[in-house]
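# Residue-level structural notes
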Amino acid sequence: MSMIKSLLKNLHPSSIEHLRLTMDLLKRKIQSSNERAIKFEDWMSEALYNPFFGYYTSKKDIIFNGRNSTDNNINGDFVTAPELTPIFAKTLSRQIAQVLNYLESENIIEFGAGSGILAKNILQEFKKLGLNINYKIIEISNSLISTQKQTLSSFNDKVEWLSSLPIGFNGCVIANELLDAMPVSIFHYSKNKSIMEKWVGLNQREEFVWIDKPADNRLLEATKKILPLIECDYTSEINFQSDAWIRTIPKWLTRGVVFIIDYGFPRHEYYHLQRATGTLMCHLNHIAYSDPFIAPGIQDITSHVDFSSIAEASIENGLYVLGYTSLANFLINSGIIHIVQDLDKSKIKNHVEELGAVQKLLSEIDMGELFKVIAIGKDFQNELVGFSENDRSHKLLP
Ligand SMILES: C[S@@+](CC[C@H](N)C(=O)[O-])C[C@H]1O[C@@H](n2cnc3c(N)ncnc32)[C@H](O)[C@@H]1O
């Protein structure tokens, strides 16, 4: 807590002002609601995606370049795999190439492209291979679209930003850390065995407070699969929006593979007794904490992905799981070791840094195991190189 206090003290004045304005907006939403409280899912949605104050929609400088702190050494709030090293994109490109080759397609679509660095590195990789690519991006944040346009300025003719879902898409779909950034509902299973939903209200000092309200039918239905796994006094999240996103896929994908890369677990590990307070996490200047009320508007808010739910939503909608494994297994299967062997070793400092990043991607106590990759297919019969060994699909469904 003391770290967070000192972090808040050292915020850049523009971040303090943004935080104040976002807090005011959220308070007004609560005060003007009939129940004087709003569901956490709606609160999180405003905090991340309000067009004027949302963390992703309004602050392009902060997320990836760091304007939150008066300390110029601090860069951004969190690091994603493509931001960490281009070796991630290089390795993923090998798997993408296999898919596109099989489909005889040149199409890639990325959802939630962040700074655009993954797109840039993938396009560079295919350029080196002499292969043409049509790259499409669907991005909810207009300010991040501007950042992506700058990052991708040398690939102007290859990239198209779509304002709605494509029609009849045939190709490869990428979603890296998309689902963890979607607003979640929070439930609380209490001692008297009732299921409550977490709403957000205000106390007399106008501070955000949690309010428990009886769960609605949608939440009651969704928790049926979770209750056998948990005990009393259990709080966790359900991501209805990620399931809804999966349900749209068969409407626009005629043929192809969707790669979802994110941190998460199968249901029996997600709703584990050791995770009785859930997986909700906030990130600000590389400090992680679980209380979302600290810095709405200037902090990231995320939760882990329940990959069983993703698999079920896929199967229920006529798609199928082609593979599921840890990020480390996926990258090793896709050839990261060969890429590392071929790295330029002449500049020692660069090389050591590159190896450090690869270590993070592959480490069992870091991204290598925390992150998973699931591939969802439609009309795609080929086996995928990324899951050739240690496929864990069998762990997803009971
Ligand atoms: C955690 S960031 C990850 C960025 C990037 N993929 C990376 O790995 O560096 C989440 C991204 O998803 C975008 N996003 C969130 N919900 C979205 C949605 N429903 N459709 C498209 N983009 C979305 C955010 O604006 C942001 O660009």
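To be clear, the structure that these remarks concern was listed above.
My aim in this report is to walk through the structure given alongside it, one point at a time. (Residues numbered from 1 in each chain as written. Predicted model: local features only at pLDDT ≥ 70, side-chain atom pairs only at ≥ 80, totals over all residues. Heavy atoms only, no water.)

## Points about unusual backbone geometry
Phi angles above zero are rare outside glycine, and Glu177 is one such case at about 50 degrees. Mapped onto the secondary structure, Glu177 falls in the loop between strand E5 (169-176) and strand E6 (185-189). The phi dihedral of Asn390 is positive, around 60 degrees, even though this residue is not glycine. Take Asn390: it is sitting in the segment after strand E16 (371-378). (Helix = DSSP H or I, 4+ residues; strand = E, 2+ residues; numbered from the N terminus.)

## Side note on the site of the ligand
In the region of the ligand, 17 residues are neighbours, and Tyr49, Thr80, Gly112, Glu139 and Asn176 sit closest. One nitrogen or oxygen atom from the main chain of Gly112 is found 2.7 Å from a nitrogen atom belonging to the ligand. A distance of 3.2 Å separates an oxygen atom of the ligand from a polar backbone atom of Gly114. Within the complex, 93% of the 600 Å² of free accessible area of the ligand lies under protein. Class assignment of the residues belonging to the shell around the ligand gives a composition of 10 nonpolar, five polar and two charged. (Near = heavy atom within 4 Å. Polar contact = N/O pair within 3.5 Å; in protein donor to acceptor, adjacent residues only side chain to side chain. Areas by Shrake-Rupley, 256 points an atom, 1.4 Å probe, with all protein chains shown as cover. Nonpolar A, V, L, I, M, F, W, Y, C, P; charged D, E, K, R; others polar.)

## What about the packing of aromatic side chains?
Considering all chains together, one arrives at 19 aromatic pairs under this definition. Considering the side-chain rings of Tyr49 and Tyr56, the 5.6 Å spacing of their centres and the 15 degrees angle between planes classify their relative orientation as stacked. When its relative accessible area of 10% is taken as the criterion, Tyr56 is described as buried. Residues Tyr55 and Tyr56 carry aromatic rings whose centres are separated by 5.0 Å and whose planes lie at 80 degrees to one another, so their mutual orientation is edge-to-face. Neither residue differs from the other here; Tyr55 and Tyr56 are each classed as buried. (Phe/Tyr/Trp six-rings, centres within 6.5 Å; stacked < 30°, edge-to-face > 60°. Buried < 20%, exposed > 50% of the residue type's maximum accessible area, 1.4 Å probe, protein only.)

## Notes on the environment of Leu118
With respect to the helices, strands and loops of the structure, Leu118 is situated in helix H8 (residues 117-128). The exposure class of Leu118 is buried, given its relative accessible area of 2%. The spatial distance from the C-alpha of Leu118 to the C-alpha of Thr80 is 10.0 Å, given a sequence separation of 38 residues.

## Points about the packing of helix H2 (residues 13-31) against helix H3 (residues 40-49)
Axis separation between H2 and H3 bottoms out at 10 Å; the angle between their running directions is 150 degrees. In this view, H2 runs roughly antiparallel relative to H3, as classed from their interaxial angle. Two packed elements cross with a definite hand, and for H2 against H3 that hand is right-handed. The segment H2 lies against H3, with Leu25, Leu26, Lys29 and Ile30 engaging Trp43, Glu46 and Ala47. Residues that form the contact of H2 with H3 fall into these classes: five nonpolar, no polar and two charged. (Axes fitted to C-alpha atoms, helices over the stretch in contact; angles between N-to-C directions. Parallel < 35°, antiparallel > 145°, perpendicular 65-115°, else oblique. Left-handed = near helix turned anticlockwise from the far one by under 90°. Contact = heavy atoms within 4.5 Å.)

## Examining helix H11 (residues 240-252)
Among the residues making up H11, those that are buried are Phe240, Ser242, Asp243, Trp245, Ile246, Ile249 and Trp252. The opening residue of H11 is Asn239, an N-cap whose side-chain oxygen sits 3.2 Å from the backbone nitrogen of Gln241.

## Examining the nonpolar core
Counting 45 residues, the largest nonpolar core has Ile108, Ile122, Tyr135 and Phe259 as the members making the most contacts within it. With eight residues, the single largest contributor to this core is helix H7 (residues 86-103). Other than its neighbours up to four places away in sequence, Tyr135 contacts Ile108, Glu110, Leu118, Ala119, Ile122, Leu123, Lys158, Val159, Glu160 and Ile174. Core analysis: the next-biggest nonpolar cluster, separate from the first, contains 33 residues, Leu11, Met23, Leu48 and Cys282 among them. (Core = buried A, V, L, I, M, F, W, Y, C linked by side-chain atoms within 4.5 Å.)

## A closer look at the side chain of Ser141
Relative to the elements of secondary structure, Ser141 occurs in the loop between strand E3 (134-138) and helix H9 (142-151). There is a polar contact of 3.3 Å between the side chain of Ser141 and the side chain of Ser143. Excluding its chain neighbours within four sequence positions, the residues that come into contact with Ser141 are Tyr56 and Thr57.

## Things to note about the pattern of salt bridges
Within the structure shown, the criterion is met by 19 salt bridges. Residues Lys225 and Glu312 are paired through a salt bridge, measuring 3.1 Å at the closest nitrogen-oxygen approach. Remark: Glu312 occurs in helix H13 (residues 307-316) and Lys225 occurs in the loop between helix H10 (217-223) and strand E9 (234-238); sequence separation between them is 87 residues. Overall, the relative accessible area of 43% leaves Lys225 in the partly exposed class. Measuring nitrogen to oxygen at the nearest pair gives 3.6 Å for the salt bridge that ties Arg255 to Asp379. A residue pair is termed long-range when its members are at least 10 positions apart, and Arg255 in strand E10 (residues 253-265) and Asp379 in the segment after E16 qualify at 124 residues. Overall, the relative accessible area of 38% leaves Asp379 in the partly exposed class. Put simply, Lys225, Arg267, Asp306 and Glu312 are held in one network by salt bridges that share partners. (Salt bridge = Lys/Arg side-chain N within 4 Å of Asp/Glu carboxyl O.)

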